[in-house]
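Residues per chain, in single letters:
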Amino acid sequence: MAETIAADVLVLGAGPGGYAAAFRAADLGMQVVMVDRAPRPGGICLHHGCIPSKALLHAGDMIRRAREAEHYGLRFGEPQIDTEKLDGWKQQVIDELAAGIDALAEQRDVRIVHGRAHFAGPDRIEVLGEHAVMITFKHCIIATGSRSVQVRDWRLPSGRVVDSYDALNIHPLPENLLVIGGGYIGLELGQVYSALGTRVQVVEVTEGVLPGVDRDLARPLQQRIDEMFVGVHLDTRVTGLKDVEGGVKASFSGEVTEPDTVFDKVLVAVGRRPNSDGIGLENTEVSVDDQGFIINDAQHRTTQANIYAIGDVAGQPMLAHKASYEGKVAAEVLTGAASADDRRAVPAVVFTDPEVAWCGVTETQAQQEGFEVAVARFPWKRSGRAQTLGSTEGMTKVIVDPATNRIIGVGIVGRGADNMISEGVFACEMGASVEDLARSIHPHPTLSETLSGAAEVFLGSATDVLARKRPQRTGGKQETEPDASDSEDENDGKDEAEHANEDSAASDGPNEPNDDQG
Ligand code: FAD
């Protein structure tokens, strides 16, 4: 007979959403049980997502930087790449972090039950595994995450067509790789393989990589992968994959002129879907939307009042920090605290070279939803620190509510964008004005100066970019105006100033198209 456990709070899924929720609920005095089908806690993020991909990206970054150093007089030999050892090191990182979660669960008296679970009724979950367990609950938090979208016809007997889960094991390194999908997962992994020596081609069905991301942020990355990858095929669809001798033959809708159409490995990275099916929701009052996300409110309550949903299974954006944030909110709400999801800015980071990061409102969103924003950009070729790092392709922009001068979004492309975006999140959350950002002294020489620099461009007070303000015709808003007349490097200065001017000008009319938008 199955063991029966009664839990105050049952958390289904031990990913970054689930364990953040479980630990918060335990810290608030609840008796918590967490269930996961995987043998170790941490979810996709720790075992098959954020952490392994960033470990490998770090390795790839080292190789690239060492090669770049040749430009300024440091020559290293060709790297000796031991992919087995690299996979081993990546696994060590994962194991250490998983052990930390296990230890923290123990210290908090959070019991972890391993096995595949489904709702057997509105107040109970059945866990199937080595030892079957029935768990009844007062409150439940569903945090079952997401999985890669699979294309049935592309599952080939050779096993050469993989998703990100398998692609994170790089040994043995393929000679060539086709990446289907120009989103962040495909590009991050494509860059890892490319840095290690694989010939990489990417196919993206839309007209640009990182669909949905502001084009001015995506463009430097697009240029970088044009150099790094053997082929970047936009507006192109993969129409078929089949096993042939020595690899997988791919056929495409557009004209793909690159030499390789037979690949050692194919990575399918065409999106992720929520894990809301197969968990017995039909035995509860919980509903899902037409994309399979569990419907939930600002307190992450589902359509059954004592069941909450958080993380990837609860809606976009599918990001680990969003999952953890929502997990804490749900845990607080179910303990009776006056908590709700009132976030203004969720950061998103693409950990490529160059990195791309944004938070809050984007220009694309403003255009799509039809509201007015003002934008100012700081080009990194004006940053001393970017010059010393050889990262002059970067750009930082602030997106401002023209009615209040408050910062409502930030976008950064370039090295270190992953860390710098946090200042943008803080500014958005605090309702900081563009003056607040401009007048906060940033240390020199750092890339963070580009944030206050962008704010100064907006105000027309920038030192390193020639952009003067003049009174705006309507509403008292200021517009930056180029003036190259006193610039020594006239053309260069004019370019930047005009850029800034275009940006402001683009924001003046409602939804006025901006050349930078794809
Ligand atoms: P998950 O982490 O998916 O955890 C869900 C857990 O539920 C899993 O452990 C699963 O085993 C368990 N589970 C599911 N169904 C059942 C069941 N029936 N019974 C028992 N257990 C079950 N996000 C970032 O923020 N930054 C990044 O850099 C980043 N990089 C990524 C790279 C890759 C290659 C991938 C694939 C994803 C990446 N993500 C990144 C996304 C991130 O991994 C997810 O957003 C995050 O893991 C979601 O957390 P979660 O808690 O909602 O779910």
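Provided above is the structure to which this section pertains.
Note that this is a predicted model, so its numbers are computed, not measured. (Residues numbered from 1 in each chain as written. Predicted model: local features only at pLDDT ≥ 70, side-chain atom pairs only at ≥ 80, totals over all residues. Heavy atoms only, no water.)

1. What about a nonpolar patch on the surface?
Together, Tyr72, Leu74 and Phe76 give the surface a local cluster of nonpolar side chains, amounting to about 380 Å² of exposed area. Along the chain, phenylalanine 76 turns up in the loop between helix 3 (50-68) and helix 4 (83-107). (Patch = residues over 30% accessible without salt bridge, like charges linked within 9 Å, V, L, I, M, F, W, Y side chains within 5 Å. Areas by Shrake-Rupley, 256 points an atom, 1.4 Å probe, with all protein chains shown as cover. Salt bridge = Lys/Arg side-chain N within 4 Å of Asp/Glu carboxyl O. Helix = DSSP H or I, 4+ residues; strand = E, 2+ residues; numbered from the N terminus.)

2. What about the nonpolar core?
Leu187, Leu210, Phe229 and Val356 are the most contacted members of the largest nonpolar core, which has 37 residues in total. Mapped by element, the contributors of at least two residues to this core are helix 3, strand 9 (176-180), helix 6 (184-196), strand 10 (199-203), helix 7 (215-228), strand 18 (348-350) and strand 19 (356-360). If sequence neighbours within four positions are ignored, phenylalanine 229 has contacts with Leu187, Gly190, Gln191, Ser194, Val200 and Val202. Listed in part, the 34 residues of the second largest apolar core include Val349, Ala432, Val434 and Leu437. (Core = buried A, V, L, I, M, F, W, Y, C linked by side-chain atoms within 4.5 Å. Buried < 20%, exposed > 50% of the residue type's maximum accessible area, 1.4 Å probe, protein only. Contact = heavy atoms within 4.5 Å.)

3. With respect to the site of the ligand
Taken together, 37 residues surround the ligand, and among them Gly17, Asp36, Lys54, Asp312 and Ala320 come closest. The separation between a nitrogen atom of the ligand and a polar side-chain atom of tyrosine 184 is 3.1 Å. Histidine 321 is positioned with one of its side-chain polar atoms (N or O) 3.4 Å from an oxygen atom of the ligand. For the ligand, the accessible surface in isolation is 990 Å², of which the surrounding protein chains cover 96%. When contributions to the shell around the ligand are tallied by element, the ones reaching two or more residues are helix 1 (16-27), helix 2 (43-48), helix 3, strand 4 (116-121), helix 6 and helix 8 (320-334). Here the shell around the ligand gets 4 residues from one element, more than from any other, and that element is helix 2. For the shell around the ligand, the class distribution of residues is 16 nonpolar, 15 polar and 6 charged. (Near = heavy atom within 4 Å. Polar contact = N/O pair within 3.5 Å; in protein donor to acceptor, adjacent residues only side chain to side chain. Nonpolar A, V, L, I, M, F, W, Y, C, P; charged D, E, K, R; others polar.)

4. A word on helix 1
Its 12 residues place the ends of helix 1 16 Å apart at the C-alpha level, agreeing with the 16 Å of an ideal helix rising 1.5 Å per residue. Counted residue by residue, helix 1 has 9 buried out of 12 residues, so it is predominantly covered. Of the positions making up helix 1, those classed as buried are Pro16, Gly17, Gly18, Ala20, Ala21, Ala22, Phe23, Ala25 and Ala26. In this structure, the buried residues of helix 1 make contact with strand 1 (3-12), strand 2 (32-36), helix 2, helix 4, strand 6 (133-142) and helix 8. (Expected span 1.5 Å × (residues − 1).)

5. Here we look at the packing of helix 6 against helix 7
Between helix 6 and helix 7, the least distance of the axes is 11 Å, while the angle of their chain directions is 35 degrees. For the crossing formed where helix 6 meets helix 7, the hand is left-handed. Here Leu187, Gln191, Ser194 and Ala195 of helix 6 come into contact with helix 7, specifically with Leu221, Arg224, Ile225 and Met228. Per-class residue counts for the contact of helix 6 with helix 7 are 5 nonpolar, 2 polar and 1 charged. (Axes fitted to C-alpha atoms, helices over the stretch in contact; angles between N-to-C directions. Left-handed = near helix turned anticlockwise from the far one by under 90°.)

6. Looking at the sheet that holds strand 20 (residues 374-379)
As a general point, the strands of a sheet are linked pairwise by backbone hydrogen bonds and lie either parallel or antiparallel. Here we have 5 strands laid out as an open sheet, ordered 18-19-22-21-20, and antiparallel in their pairing. This sheet does not close on itself; its edge strands, each paired only once, are strand 18 and strand 20. Averaged over all pairs of adjacent strands, the angle between their axes in this sheet comes to 15 degrees, without regard to strand direction. Strand direction decides the pairing type here: strand 20 and strand 21 (residues 395-401), joined by 6 bridges, are antiparallel. If you follow alanine 374 over to strand 21, its bridge partner there is valine 400. Packed on one face of the sheet, helix 7 meets strand 19, strand 20, strand 21 and strand 22 (406-413) and runs near 10 degrees to strand 22. (Pairing = 2+ DSSP bridges.)

7. Side note on the pairing of strand 10
Where burial is concerned, most of strand 10 is hidden: 4 out of the 5 residues are buried. Here 5 bridges tie strand 9 to strand 10, and the two strands are oriented parallel to one another. By the bridge assignment for strand 10, leucine 178 is matched with glutamine 201. The parallel pair strand 9 and strand 10, bridged by helix 6, forms a crossover whose chirality is right-handed. Pairing analysis gives 3 bridges linking strand 10 to strand 11 (residues 231-233), with the strands arranged parallel. Counted as the bridge partner of glutamine 201 is glycine 231 from strand 11. Remark: the strand 10/helix 7/strand 11 crossover connection has right-handed handedness. (Right-handed = clockwise from strand over helix to strand, strands pointing away.)

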